[in-house]
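Residues per chain, in single letters:
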Amino acid sequence: MNLVRVALDVPLPTLFDYRMEHAGNELIGARVLVPFGRGQRAGIILEAGGEPNVAPERIKSVAHVFTREAPLAPDVLHLMRFASRYYHHPIGQVVMGALPQSLRRARIGSEEAPVALTPAARAADWSTIPARALAKRRVLEHLLAHGSCQPAVLRTLASNAPRALRDLIEQGWVAPETDLPTALAAPGDLSVVPGPTLTPDQGTAVEAVGDTLGRFAAWLLLGITGSGKTEVYLRVIERVLRGGGQALLLVPEINLTPQLEARLGARFPGTTLVGLHSDVPEAERLRRWRTAESGQAQIVVGTRLAVFTPIPRLGLIVVDEEHDASLKQQDGLRYSARDLAVLRAKQRQVPVLLGSATPSLESYASAVSGRYKLAELRDRANSRLPSIHCVDTRGKRLREGLSQPLTEALARGLAAGEQSLVFINRRGYAPAMICFTCGWSAPCTRCSARLVLHLEPLRLRCHYCGHEEPVTCACPNCGNQDLTAAGQGTQRIEHAVTQLFPAARVLRIDRDSTRRRLAFEQMRQRVESHDVDILVGTQMLAKGHDFPRLTLVGVVNADAALYSTDFRAAERLFAQLTQVAGRAGRGDAPGEVLIQTDFPGHPLYEAVQRQDYAAFAQLALAERREAGFPPYAHQVLLRAEAAQREAVDRFLGRAAQAGRKLGLTVEVYEPVPATIARVAGRERGHLLVQSGSREQLQRFVDAWEPHLSGPDASHVRWALDVDPLDL
């Protein structure tokens, strides 16, 4: 029997058998349309041949093969299979979830291949086209601007565009993209705008990483903020491009891509660069993905999902801000793009460069142990490090959360025509509405969390489920009408700054103010054009941005993280403070950072003031080793949620018993409620499993997972989180 096994986007850990004529290994990776249930689904062939897993009479035939598309490359399929096994997620959901949305749909219409200009069209004199041939001109100009396009889009450009497109195809000026030779830049044709003179540390790093091109090496580039890590990326990418290779650059957040793409485009004019992230429209994302897959894109910049992009001549992977939690997917396939980038580099025998001023302790431990290679940038490239001071707020009177030293520093910055940033990692006006008479605070009816007071419009909102309600005028418990908005958020700080400095141009940047598409980019342009005096913002502004006129950073409410029970809280706080401090003084004027705290002598703050990551990391790693936490142990978290707390507790209790009965050398902790025990009306809990051996832990999960789908799991939604970042 001619048989293929197809990965489908369904929550089942299996492939599905289908009949197919001429089923050979050359079809592995091909996209197909298959009958499934009462309809059809798109899928990817992962195996060909072999014996069926079901009765032959139950096996249906493949409905359609998308022959105009190249099959997924073997290295990408290998990466997907590994992700499915390691993160214990259904293979079909891994494979289909890694594709652009358009390729996941069961539509034969998408078989029509994109078309592009042929070399003959590019070499032709377009002035010979009659002036009345407007449709033909529009088709050509559209293709010239966009590179390639679906014929259906071109047919909408004018009433007679379909005929114009047929004429251009017959003329040999337009052809299916798959029929055209891949337009690759010859190594000698690369256009590069000279960069700045490298510092000694930058030069050493470029040479060291460059010497490993063509073989696997995992590099940690540890550079203080402003030390020129991006310049190191550019120099190594230049070497890759000169050798005819492609580079993949991963960033943690969409907001970091515009500046980076602009810098890459300015350094390598004429080079084909594509950005892949969720802000790119669906059709354009597919076009860019295919440009990378064909080898035409010499540089691919993207967020975490881009780690799965097919790149045939991959020569280098860069992971910027490698410590950032946004590189870890927090639902569905809970993968770490950083870790998969290292694996992919090893598969392809190319170097991977992990860059950060505050690396994750896991990466730093790997570098110290020699598992990774370490390159350090100890000095700023074109400016001095900012001076960092702790403002002792114990017993001090604050004005809406702002200390006198901070307000005086803001006034000095305004007088000097410089920009300032007030950083508080909490949005809204106040985190709670409280009655000090009876102790009531406004709760969310659907979550075990307080409602946050927001202005514009005046509402109480839950930051977990999105529930909103009007602001109450009196305490529902005791009737007290003197309710207090307790604490500060970005809106309150913005209001306070505006009251203190009425003439200042104040801009708030947080998730609320940047909801509109392109809003953040427009705000960033305002800052760069000197149309802003004082910024108020959250962690969206903490990293990756270069504002030369910003000389002062004030940090409000940093102490909140010191009270966290999460063992990673100190690591995150150090990274956050170091990153936001690095925004100050990146131009000619010196920078100043003021951190308001009740604990000015805390070792963490002292390390931040010295900008001594190594000292902090050594102390933190010693504590982790003593406690048996990662990177000296490996963890899997079983997350569960249900409408009733009893269902969650019963499921997790049975899971713990089943795990202990397996008798493997892992530590199965007691089930506990999640930190926010109820979200959107669903109760949540988790169960932690830990082992000093990654291999032993994986064997345990392989044996344990089948026991999780018992009768009491029917009303529980559960997921395994391998290498969790949040407990």
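Cut-offs applied
Residues numbered from 1 in each chain as written. Predicted model: local features only at pLDDT ≥ 70, side-chain atom pairs only at ≥ 80, totals over all residues. Heavy atoms only, no water. Helix = DSSP H or I, 4+ residues; strand = E, 2+ residues; numbered from the N terminus. Buried < 20%, exposed > 50% of the residue type's maximum accessible area, 1.4 Å probe, protein only. Arc of directions from axis to C-beta. Contact = heavy atoms within 4.5 Å. Axes fitted to C-alpha atoms, helices over the stretch in contact; angles between N-to-C directions. Parallel < 35°, antiparallel > 145°, perpendicular 65-115°, else oblique. Left-handed = near helix turned anticlockwise from the far one by under 90°. Nonpolar A, V, L, I, M, F, W, Y, C, P; charged D, E, K, R; others polar. Expected span 1.5 Å × (residues − 1). Pairing = 2+ DSSP bridges. Polar contact = N/O pair within 3.5 Å; in protein donor to acceptor, adjacent residues only side chain to side chain. Salt bridge = Lys/Arg side-chain N within 4 Å of Asp/Glu carboxyl O. Phe/Tyr/Trp six-rings, centres within 6.5 Å; stacked < 30°, edge-to-face > 60°.

Asks: Which parts of the structure should I look at to understand unusual backbone geometry?
Replies: Peptide bonds are mostly trans, and most non-glycine residues show a negative phi. Glu-456 connects to Pro-457 through a cis peptide bond whose omega is 0°. Note on placement: Pro-457 falls in the loop between β20 (452–454) and β21 (459–461). Residue Pro-631 is bonded to the preceding Pro-630 through a cis peptide linkage, with omega at 10°. Note that Pro-631 resides in the loop between α19 (613–627) and β28 (634–642). For Asn-557, which is not a glycine, the phi torsion comes out positive at approximately 65°. Exposure remark for Asn-557: the relative accessible area of 32% places this residue in the partly exposed category. A positive phi angle, near 55°, is found at Asp-723, a position not held by glycine.

Asks: It is not clear to me how helix α10 (residues 257–267) should be interpreted in this structure. Could you clarify?
Replies: Side chains that are three or four residues apart share a direction in an α-helix, a result of its 3.6 residues per turn. Among the residues of α10, those classed as buried are Thr-257, Gln-259, Leu-260, Leu-264 and Arg-267. The buried residues of α10 occupy one face: seen down the axis, they fall within an arc of 165°. Looking at the packing, one finds that the buried side of α10 touches α9 (229–242), β11 (246–250), β12 (273–276), β13 (299–302) and α16 (519–528).

Asks: How should the packing of helix α5 (residues 134–146) against helix α7 (residues 161–171) be read in this particular structure?
Replies: Describing two packed helices takes the angle between their axes plus the distance from one axis to the other. Remark: α5 packs on α7, axes separated minimally by 8 Å, with the N-to-C direction vectors making an angle of 70°. One element, α5, and the other, α7, form an angle in the roughly perpendicular class. The chirality of how α5 crosses α7 is right-handed. Contact residues: Ala-135, Lys-136, Val-139 and Leu-140 in α5; Ala-161, Ala-164, Leu-165, Asp-167, Leu-168 and Gln-171 in α7. Looking at the contact of α5 with α7, its residues break down into seven nonpolar, one polar and two charged.

Asks: Help me out: how do you make sense of helix α12 (residues 337–348) in this one?
Replies: For α12, which comprises 12 residues, the first-to-last C-alpha distance of 16 Å matches the rise-based estimate of 16 Å (1.5 Å per residue) to within 8%. Within α12 the residues assigned to the buried category are Ala-337, Arg-338, Leu-340, Ala-341, Val-342, Arg-344 and Ala-345. Among the residues trailing α12, Gln-349 stands out with phi positive, at a value near 55°.

Asks: I would appreciate a short explanation of the sheet that holds β13 in the present structure.
Replies: What links the strands of a sheet is backbone hydrogen bonding, and the strands pair in either a parallel or an antiparallel sense. Sheet architecture is open: seven strands sit in the order β12-β13-β11-β14-β15-β10-β16, paired in parallel fashion. With partners counted over all chains shown, the strands left at the sheet margins are β12 and β16 (373–377), one partner each. Direction aside, the axes of adjacent strands within the sheet are offset by 20° on average. Bridge count for strand β10 (residues 217–223) against strand β15 (residues 351–356) is six bridges, and the pairing is parallel. Bridge pairing in β15 links Ala-218 to Val-352. Relative to β10, helix α13 (residues 361–369) is tilted by about 110°, and along the sheet it contacts β10, β15 and β16.

Asks: Would you mind going over the pairing of β15 with me for this structure?
Replies: It is a general feature of regular strands that their side chains alternate between the two faces of the sheet. With six of its six residues buried, β15 lies for the most part within the structure. Of the two faces of β15, the one carrying Pro-351, Leu-353 and Gly-355 and the one carrying Val-352, Leu-354 and Ser-356 are both buried. Pairing of strand β14 (residues 314–320) with β15, which is carried by four bridges, proceeds in the parallel orientation. Directly across from Ile-317, in β15, lies its bridge partner Val-352.

Asks: What exactly am I supposed to notice about the side chain of Asp-512 here?
Replies: In this fold, Asp-512 is placed in the loop between β24 (506–509) and α16. Among residues more than four places away in sequence, those in contact with Asp-512 are Arg-427, Gly-428, His-454 and Arg-461.

Asks: Any chance you could explain the environment of Ser-294 here in plain terms?
Replies: Its place among the elements puts Ser-294 in helix α11 (residues 282–294). For the pair Ser-294 and Glu-284, spaced 10 residues apart in sequence, the C-alpha separation works out to 15 Å. At 3.0 Å, the side chain of Ser-294 forms a polar contact with the backbone oxygen of Thr-291.

Asks: Would you mind going over the pattern of salt bridges with me for this structure?
Replies: Once their charged atoms are close, side chains differing in charge can pair, the charge on each being opposite to the other. Inspection of the entire model under this criterion finds 47 salt bridges. Glu-47 is the partner of Arg-81 in a salt bridge, and the nearest nitrogen-oxygen pair spans 3.7 Å. Note that Arg-81 is positioned in helix α1 (residues 74–87) and Glu-47 in strand β4 (residues 39–48), a separation of 34 residues in sequence. Residues Asp-392 and Arg-394 are paired through a salt bridge, measuring 2.6 Å at the closest nitrogen-oxygen approach. Residues joined in a network through salt bridges with shared partners are Arg-427, Arg-459, Arg-461, Glu-468, Asp-512 and Arg-515.

Asks: How should I be thinking about the packing of α9 against α10 in this particular structure?
Replies: Packing of α9 against α10 leaves a shortest axis separation of 11 Å and a crossing angle of 45°. Between α9 and α10, the angle is such that the two are oblique. Viewed along their axes, α9 and α10 form a crossing whose handedness is right-handed. When α9 is examined against α10, the residues Thr-230, Glu-231, Leu-234, Arg-235 and Ile-237 are found in contact with a partner set consisting of Leu-260, Arg-263, Leu-264 and Arg-267. Counted by class, the contact of α9 with α10 contains four nonpolar, one polar and four charged residues.

Asks: For this particular structure, what's the right way to read the environment of Gly-39?
Replies: As for its position among the elements, Gly-39 is in strand β4. Along the primary structure Gly-39 and Cys-435 are separated by 396 residues, whereas in three dimensions their C-alpha atoms are 57 Å apart.

Asks: I would appreciate a short explanation of the sheet that holds strand β22 (residues 468–469) in the present structure.
Replies: Spatially, the three strands line up as an open sheet ordered β20-β21-β22, and their pairing is antiparallel. The sheet is open, and its two edges are formed by β20 and β22, each paired on a single side. As judged from the three bridges shared by β20 and β21, these two strands associate in the antiparallel manner. Of the residues in β21, the one forming a bridge with His-454 is Arg-459.

Asks: Can you help me understand the packing of aromatic side chains in this one?
Replies: For any pair of aromatic rings, geometry is given as the distance between the ring centres together with the angle between the planes. According to the stated counting rule, one finds 11 aromatic pairs in the structure shown. Ring centres of Phe-308 and Tyr-335 lie 5.5 Å apart, and the angle between their planes is 70°; on these two criteria the pair is classed as edge-to-face. Here Tyr-335 lies in the loop between β14 and α12 and Phe-308 lies in the loop between β13 and β14, a separation of 27 residues in the sequence. Overall, Phe-308 belongs to the buried group, its relative accessible area being 2%.

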